[in-house]
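The residues making up each chain are set out below.
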Amino acid sequence: MDTITISKIYSKYTHFYDYLFGRILAQGRYKAIQLMNPQPGEKILEVGIGTGVSLPSYPRYSRVVGIDICWEMLEKARRIKLSLGLSNVSLYRMDAERLAFANGRFDKVIAAYVITVVPNSARAIMEMKRVCKKEGEIFVLNYFGSKDGVLSNAISSIREKLGLGKPLNPEKILEDANLKILEIHRVNFLNLFHLIRCKNA
Ligand SMILES: C[S@@+](CC[C@H](N)C(=O)[O-])C[C@H]1O[C@@H](n2cnc3c(N)ncnc32)[C@H](O)[C@@H]1O
């Protein structure tokens, strides 16, 4: 599925996204920001920030940049930023596979429930690595699925058609990008989701 189609799909999800995926995926987002432990003045990039459900969880002393491909999702994030007066947050429409930031610009980079959605996951990971400082940290939170077995295969094709992600081997893609995996946690419903913390070593 290409970026334009994915963006169109999420523009349709915008109105009910928070009801459907806000609460149910909240534990993973909360745990990711807890592990990230943002420090005063640190620059954080959230790739595929969506409706900005994570924004209230960041401390106000950290500078947060959120990007997303879908205008409608971003518009909701903008409303959260405005209503909470989050002057430490900046939002941009941008493709995760082509980040318009200089090398090493961010201390920490996170993609929550995004990496399996983008057309070229390896390229998005490489971009996250490029804009992350050396020795900085990268967090990937996702359900990675599988195609083993008839049921998993059926679920995977439905997820893909709905733009909710394709099966992916997270360890492989992170190791291929030369990222050092520091820890992996299982989170959310039935511990089906992985939260992976890596170092840009
Ligand atoms: C499942 S949602 C996750 C949203 C949010 N991170 C969360 O925690 O709920 C996936 C998000 O990735 C965005 N997205 C998909 N492809 C993208 C791309 N190539 N570049 C940037 N954002 C993308 C979608 O617009 C959507 O907002």
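Scroll up a little and you will see the structure.
In short, a report on the structure. (Residues numbered from 1 in each chain as written. Predicted model: local features only at pLDDT ≥ 70, side-chain atom pairs only at ≥ 80, totals over all residues. Heavy atoms only, no water.)

Tyr17, Arg29, Gly48, Asp68 and Ala96 are the nearest of the 22 residues found near the ligand. At 2.7 Å from a nitrogen atom of the ligand is found a main-chain nitrogen or oxygen belonging to glycine 48. In the model, a nitrogen atom of the ligand is placed 2.8 Å from a nitrogen or oxygen of the alanine 112 main chain. Burial of the ligand by the protein amounts to 98% of the accessible area it has alone, namely 600 Å². Looking at which element gives the most residues to the shell around the ligand, the answer is helix 1 (residues 3-22), with 4 residues. For the shell around the ligand, the residue count by class is 15 nonpolar, 3 polar and 4 charged. (Near = heavy atom within 4 Å. Polar contact = N/O pair within 3.5 Å; in protein donor to acceptor, adjacent residues only side chain to side chain. Areas by Shrake-Rupley, 256 points an atom, 1.4 Å probe, with all protein chains shown as cover. Helix = DSSP H or I, 4+ residues; strand = E, 2+ residues; numbered from the N terminus. Nonpolar A, V, L, I, M, F, W, Y, C, P; charged D, E, K, R; others polar.)

Right, let's talk about the packing of aromatic side chains for a bit. For the coordinates displayed, the defined rule picks out 7 aromatic pairs. Geometrically, the ring pair formed by tyrosine 113 and phenylalanine 193 is edge-to-face, given 5.8 Å between the ring centres and 85° between the ring planes. Note that tyrosine 113 is positioned in the loop between strand 4 (106-112) and helix 4 (121-131) and phenylalanine 193 in strand 7 (residues 193-199), a separation of 80 residues in sequence. For the pair tyrosine 113 and phenylalanine 193, a shared accessibility class is recorded, and that class is buried. Judged by centre distance (5.6 Å) and plane angle (50°), the ring pair of tyrosine 143 and phenylalanine 193 falls under tilted. Highlighted residues: tyrosine 143 in the loop between strand 5 (132-142) and helix 5 (150-161) and phenylalanine 193 in strand 7, separated in sequence by 50 residues. With relative accessibility at 23%, the residue tyrosine 143 sits in the partly exposed group. Looking at phenylalanine 193, the relative accessible area reads 14%, which means it is buried. Of the aromatic side chains, those joined through ring pairs into one cluster are Tyr10, Tyr13 and Phe16. (Phe/Tyr/Trp six-rings, centres within 6.5 Å; stacked < 30°, edge-to-face > 60°. Buried < 20%, exposed > 50% of the residue type's maximum accessible area, 1.4 Å probe, protein only.)

Running from N to C, helix 1 and helix 3 (residues 71-84) cross one another at 35°; their axes reach a closest spacing of 7 Å. Taking contact as the criterion, the partners of Tyr10, Ser11, Thr14, His15, Tyr17 and Asp18 in helix 1 are, on helix 3, Glu72, Met73 and Lys76. Of the residues assigned to the contact of helix 1 with helix 3, the class counts are 3 nonpolar, 3 polar and 3 charged. (Axes fitted to C-alpha atoms, helices over the stretch in contact; angles between N-to-C directions. Contact = heavy atoms within 4.5 Å.)

Attention shifts here to the environment of lysine 134. Looking at the element boundaries, lysine 134 is found in strand 5. Taking relative accessible area as the criterion, lysine 134 reaches 64% and is therefore assigned exposed. Placed 22 residues apart in sequence, lysine 134 and serine 156 show a C-alpha to C-alpha distance of 35 Å.

It is worth spelling out the sheet that holds strand 6 (residues 180-187) at this point. An order of 3-2-1-4-5-7-6 is seen for the 7 strands of this open sheet, with the pairing classed as mixed. Looking along the sheet, the strands with just one partner apiece sit at the ends: strand 3 (89-93) and strand 6. Neighbouring strand axes in the sheet, compared pairwise and without regard to direction, differ in orientation by 15° on average. Bridge analysis of strand 4 against strand 5 gives 6 bridges, and the strand direction is parallel. (Pairing = 2+ DSSP bridges.)

Okay, the pattern of salt bridges next. Tallied over the entire structure, the rule returns 10 salt bridges. Of the charged contacts in the structure, one is a salt bridge between glutamate 127 and arginine 130, with a shortest N-O distance of 2.8 Å. Residue glutamate 127 and its partner arginine 130 are both found in helix 4; the two are separated by 3 residues, about one turn of the helix. Residue classification places glutamate 127 among the buried positions, given a relative accessible area of 13%. One continuous salt-bridge network, built from bridges that share partners, spans Glu137, Glu183 and Arg197. (Salt bridge = Lys/Arg side-chain N within 4 Å of Asp/Glu carboxyl O.)

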